[in-house]
Amino acid sequence: MATITAYETTAGKRYRVRYRKPDHSQTDRRGFRTKREAQLFLASVEVSMARGEYVDAEAAREPVGALGALWVTRLSHLKPSSQRPLEIAWRLHVQPKWGSVPVSRVQHSAVQAWVDAMQQTHGSTSVLRAYGVLASILDVAVADRRIHTNPARGVKLPRKVRREHRYLSHQQVSELAIAAGEKGPLVLLLAYTGLRWCEAAGLRVKDVDTVRRRLFVSQNAVEVGGEIHVGTPKTHKRRSVPFPTTLTAMFEEVCAGKGPLDLLFIDERGSYMHRSKTGKGWFWRAAVAVGLEGLTPHDLRHTAASLAIQSGANVKAVQRMLGHSSAAMTLDVYADLFDDDLDAVADRLDHGLARTSVGKMWARPVSKGRVAEETDFSSGIYLSRESGAYRGLLQTFATEVAVRAVARVAAGSSARAGWA
């Protein structure tokens, strides 16, 4: 039970409030000049505890650094490739700036100033990742009732500019594969199946079905900090990916002499492949040799999507092939590849509109320098705007509009009469 007691100080009488926190431990607050002030404070505490909004002043003094260190240890549910960038962001950007600041002293304006300052020296990806770490730590503080709201939320963030996709033609893929030499089969696999590099690195002989022309993606081998981590694919979902019949003989040759559990592609040490280094790796040398400077292995994944769409694959098929979590994600990533679909939609709408009276009246000229003409699609006859047939069509259209207007007015009059 809460109590209010008076005590004497050199400055005069003061009041102390003793009460129990939600965890039933006892605490107090003193220094109130009047008993009324003490009563109002106690009432506010009791109301906040009743609403589940109580914030422990002592817990609010916990520094961001202590909570952040605990938050980092709870990232084990993430894949190593996702966990490591967050740990780096915490160590390099968040901890030096906010580690010693109590969570209750973090201000929205200070977070905004920090984000703005980082934009001057770092890319948008680094800024967004560091901000996300701080905001997540403060979300935990809110959940623990250390602070009422998260001061980092609502900050204006930089826009992440997506790198422009690069698509190769069939001929360019062929030239690149030839330039890659013994790595040519890997180039063709990436360009015609859309596998991620880590997924290709994790392929085993048993994952290749040359009869059904399928690759079964069940594991990946991700390079993180120079080490290979073997695990499930990015979305944790296994999938089956088709490959062209022309590549069947190539896969049979790559699998020849290997056991079912042997890796399809290996490095010079006979282990999992490491990603080809930019500026000196075999992929970079092959790309430069055929005039494709700056090309990355991931660009072959984009190429696979482009070639699949060119061949008539719908968005759902492309999503399944690439292993995206949803078709919406595929459309967001490769929206530029579906521009031709918009043209086809417009053409089909035009075909339907052209059969109506309005469509026949407003049809465009069929060629330059020709008198504006309209097409009667039902008869295949062009109607000149100067012809009597065209004027007759226009008069018919105007008469039809007038008749419909009169009918609507008459219907409205009848309805009003019925309700009178």
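Higher on the page you've got the structure.
Worth saying up front: this structure is predicted, and the values here are computed from it rather than measured. (Residues numbered from 1 in each chain as written. Predicted model: local features only at pLDDT ≥ 70, side-chain atom pairs only at ≥ 80, totals over all residues. Heavy atoms only, no water.)

(A) Molecular detail of the pattern of salt bridges. Enumeration over the complete set of coordinates arrives at nine salt bridges. Close ionic contact of Asp 299 with Arg 163 constitutes a salt bridge, the shortest N to O distance being 3.0 Å. One end of the pair, Asp 299, is in helix α12 (residues 297-310); the other, Arg 163, is in the loop between α6 (124-143) and α7 (170-179), with 136 residues separating them in the sequence. Among the ionic pairs, Arg 196 bridges to Glu 199, the shortest N-O distance being 2.7 Å. One exposure class covers both Arg 196 and Glu 199, and it is buried. When salt bridges that share partners are traced, they join Arg 196, Glu 199 and Arg 239 into one network. (Salt bridge = Lys/Arg side-chain N within 4 Å of Asp/Glu carboxyl O. Helix = DSSP H or I, 4+ residues; strand = E, 2+ residues; numbered from the N terminus. Buried < 20%, exposed > 50% of the residue type's maximum accessible area, 1.4 Å probe, protein only.)

(B) Fine view of the packing of aromatic side chains. All told, the structure shown has six aromatic pairs when counted by the stated rule. Taking the centre distance of 5.3 Å and the plane angle of 40° together, the rings of Phe 32 and Phe 41 count as tilted. Residue Phe 41 is classed as buried on the basis of its relative accessible area, which comes to 16%. Measuring from ring centre to ring centre gives 4.6 Å for Phe 243 and Phe 251, while their planes differ by 50°; the resulting arrangement is tilted. Under the relative-accessibility criterion, Phe 243 is labelled buried at 2%. The class of Phe 251 is buried, set by a relative accessible area of 0%. Each member of the aromatic cluster is reached from another via a ring pair, and the members are Tyr 19, Phe 32 and Phe 41. Over the aromatic face of Tyr 7 sits the side chain of Arg 16, whose NZ or CZ is 4.8 Å from the ring centroid. When the ring centre of Trp 98 is taken as reference, the NZ or CZ atom of Lys 97 above it lies at 5.7 Å. (Phe/Tyr/Trp six-rings, centres within 6.5 Å; stacked < 30°, edge-to-face > 60°. Lys NZ or Arg CZ within 6 Å of the ring centre and 35° of its normal.)

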